[in-house]
Amino acid sequence: IRLRHGVRTLVLHGVVESHAATNAKTRASNPELVTGVDYSVLKEDGTLDANKSFRNLLDILRDPEIAKEFDAVCLDSSTELQQIIGQTAQFIEGCLSDKGKHNKFSEGDVYTKMLGEVVSLLLVLHKRGVHVLVTCAALTSTQSEDGLTVSAKPSMAGFSVGENFVRNFSDVFYLSLTKDEEGKPVH
């Protein structure tokens, strides 16, 4: 995540993306404007408590002080968030069939609903004047040799989940490694 525009930025991340805020600070024009917050909640044994982590993220995004304290909020990443959601009781219960067994065909709808809760809160922040950025891993199907033409889709589990998720955002940027004039890898 490259933040050059010099605004107060909150970077929300889970355990997997714990490097997000550090990377943002090293690339920001003013590192002191970047605040990282890990929304993960761990159990006593050090493993992730998915239920509390998801609720914690929602609580953070609902906090009215966010729009007063920050000009931009970045969630890194929706890919990790989906993995957390898949471990929650809400997801597991939402995917139960009438016979009490896991129904794989329900996953897409439940993922979309739960990700939608997060998107709704991000859009409320956007309406309050906060820039909103969300990262997501992508699956590249084709890419031109120069890297300028790319065909890719969000790397998210479940039927149409990625497509439904991306529709919530007016601008979508694809970042990939390419090489500079000296042959060094750059985004």
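Anything mentioned here points back to the structure above.
Residues numbered from 1 in each chain as written. Predicted model: local features only at pLDDT ≥ 70, side-chain atom pairs only at ≥ 80, totals over all residues. Heavy atoms only, no water.

Asks: Before we move on, can you summarise the overall build of the protein chain with the specific residues and values?
Replies: Within the protein chain one finds seven helices and eight strands. For 187 residues, the compact-globule formula gives about 16 Å, and the C-alpha radius of gyration of the protein chain, at 18 Å, lands near that figure. Taken as a whole, the protein chain presents about 11400 Å² of accessible surface, with 51% of it coming from carbon and sulfur. Across the protein chain, 20 positive and 25 negative side-chain charges occur, with their mean positions spaced 3 Å apart. (Helix = DSSP H or I, 4+ residues; strand = E, 2+ residues; numbered from the N terminus. Rg over C-alpha atoms; globule rule 2.2 N^0.38 Å. Areas by Shrake-Rupley, 256 points an atom, 1.4 Å probe, with all protein chains shown as cover. Lys, Arg positive; Asp, Glu negative; His and termini not counted. Charge placed at Lys NZ, Arg CZ, Asp CG, Glu CD.)

Asks: Can you break down the nonpolar core residue by residue, with the values?
Replies: In a soluble, globular protein the nonpolar side chains are often hidden away together inside. L12, L61, V73, L81 and V118 are the most contacted members of the largest nonpolar core, which has 32 residues in total. Beyond its immediate sequence surroundings of up to four residues, V73 is in contact with L10, L12, L61, I66, L122, L125, V130, H131, V132 and L133. Core analysis: the next-biggest nonpolar cluster, separate from the first, contains seven residues, A21, A24, V34 and C74 among them. (Core = buried A, V, L, I, M, F, W, Y, C linked by side-chain atoms within 4.5 Å. Buried < 20%, exposed > 50% of the residue type's maximum accessible area, 1.4 Å probe, protein only. Contact = heavy atoms within 4.5 Å.)

Asks: If you had to explain the environment of D59 to someone new, which residues and values would you point to?
Replies: Tracing the chain through its elements places D59 in helix α2 (residues 50-62). Through-space distance from the C-alpha of D59 to that of N103 is 29 Å; in sequence the pair is 44 residues apart.

Asks: Any chance you could break down the packing of α2 against helix α4 (residues 78-85) for me, citing the residues and the numbers?
Replies: Contact pair α2 / α4: the axes reach a minimum separation of 9 Å and the direction vectors enclose 130°. Taken together, α2 and α4 sit at an angle that is classed as oblique. On α4, the residues touching A50, S53, F54 and L57 of α2 are L81, I84 and I85. Across the contact of α2 with α4, the residue classes tally to six nonpolar, one polar and no charged. (Axes fitted to C-alpha atoms, helices over the stretch in contact; angles between N-to-C directions. Parallel < 35°, antiparallel > 145°, perpendicular 65-115°, else oblique. Nonpolar A, V, L, I, M, F, W, Y, C, P; charged D, E, K, R; others polar.)

Asks: Residue-level account of the side chain of D49, with values.
Replies: Within the fold, D49 resides in the loop between β2 (34-38) and α2. A polar contact of 3.2 Å, which involves the side chain of D49, links it to the backbone nitrogen of N51. Here the side chain of D49 touches K52 through a polar contact of 3.0 Å, landing on its backbone nitrogen. When residues no more than four places from it in sequence are discounted, the contact partners of D49 are V41, L42 and K43. (Polar contact = N/O pair within 3.5 Å; in protein donor to acceptor, adjacent residues only side chain to side chain.)

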